[in-house]
Amino acid sequence: GAGVSQSPSNKVTEKGKDVELRCDPISGHTALYWYRQRLGQGLEFLIYFQGNSAPDKSGLPSDRFSAERTGESVSTLTIQRTQQEDSAVYLCASSLTGGGNEKLFFGSGTQLSVL
Amino acid sequence: AQSVTQLGSHVSVSEGALVLLRCNYSSSVPPYLFWYVQYPNQGLQLLLKYTSAATLVKGINGFEAEFKKSETSFHLTKPSAHMSDAAEYFCAVSVAGAGNQFYFGTGTSLTVIP
């Protein structure tokens, strides 16, 4: 596609429910990142995929969070047993090869609200 | 470890006035530095980046930033603000060798007063 696509754009859920967020990166981009943006805070790194390498999960805040990526395409971020503190905008970004000097292409994000 | 500090979570300028958004970084190795902008209801997009070439970097929409190693700063400037510049601006730092090491500041919301 022309850009990074995220769905849904908004998600309201009840505490304790599971949610799944989807990211479609730019075609051909081998690197994919998930970030969390809480209100009034910066972007918090969650997880990084690069090609067929093992993902860097060092930013996942708890074992309720997991993510998968199929090859070099779609990624899903799953949050189990959601808590109110999980409310945030979840941003996905992709880049061509994952180099530290590369431009990140961001999606518009998923606004998650946990009631 | 790397980190980024953006001074001023909110900045207001008059239309036509100078825009100055401050960013200081901490890095134990030579960094790559970035400014991203987020317009209302849009995703973040790259304004400009410093990758060890010229210290004065020019970006889109008339913005530029200067890398000052002695001050560990990468402030963003624009000589004359336009109404369309109203947005959230994020400074970010990364290091060579590991693509996951992008550290973002908390952002500065720019308001342009007509």
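Residues numbered from 1 in each chain as written. Chains lettered and ligands numbered in written order. Predicted model: local features only at pLDDT ≥ 70, side-chain atom pairs only at ≥ 80, totals over all residues. Heavy atoms only, no water.

Colleague: So what exactly am I meant to see when it comes to the pattern of salt bridges here?
Modeller: Pairs can form between side chains of opposite charge once their charged atoms are near each other. Residues and elements named next belong to chain B. According to the stated counting rule, one finds 5 salt bridges over all chains in the structure shown. Ionic pairing is found between Asp 85 and Lys 78, a salt bridge with its closest N-O pair at 2.9 Å. For Asp 85, a relative accessible area of 2% corresponds to the buried category. Its relative accessible area of 10% is what places Lys 78 among the buried residues. (Salt bridge = Lys/Arg side-chain N within 4 Å of Asp/Glu carboxyl O. Buried < 20%, exposed > 50% of the residue type's maximum accessible area, 1.4 Å probe, protein only.)

Colleague: Would you mind going over the sheet that holds strand β1 (residues 5–7) of chain A with me for this structure?
Modeller: Two orientations exist for strands paired in a sheet by backbone hydrogen bonds: parallel and antiparallel. All names here are of chain A. Strand order in the open sheet formed by 4 strands is β1-β3-β7-β6, with antiparallel pairing between adjacent strands. Each having just a single partner strand, β1 and β6 (65–69) make up the two edges of the open sheet. The average angle at which neighbouring strand axes cross in this sheet is 15°, direction not considered. Relative to strand β3 (residues 19–24), β1 runs antiparallel, the two being bridged by 3 bridges. Looking across to β3, one finds that Ser 7 is bridged to Arg 22. (Pairing = 2+ DSSP bridges. Helix = DSSP H or I, 4+ residues; strand = E, 2+ residues; numbered from the N terminus. Axes fitted to C-alpha atoms, helices over the stretch in contact; angles between N-to-C directions.)

Colleague: I would appreciate a short explanation of the state of the cysteines in the present structure.
Modeller: Two cysteines joined by a covalent bond between their sulfur atoms form a disulfide. The tally for this structure, following the rule as stated, stands at 2 disulfides over all chains. Covalent S-S linkage joins Cys 23 of chain A and Cys 92 of chain A, the inter-sulfur distance amounting to 1.9 Å. Between Cys 23 of chain A and Cys 92 of chain A, the S-S torsion sits near -65°, and that sign places the bridge as left-handed. In this pair, Cys 23 of chain A sits in strand β3 while Cys 92 of chain A sits in strand β8 (residues 88–95), placing the two residues 69 residues apart along the sequence. Both residues of the pair, Cys 23 of chain A and Cys 92 of chain A, belong to the buried class. Two residues, Cys 23 of chain B and Cys 91 of chain B, share a disulfide whose sulfurs are 1.9 Å apart. (Disulfide = S-S within 2.5 Å.)

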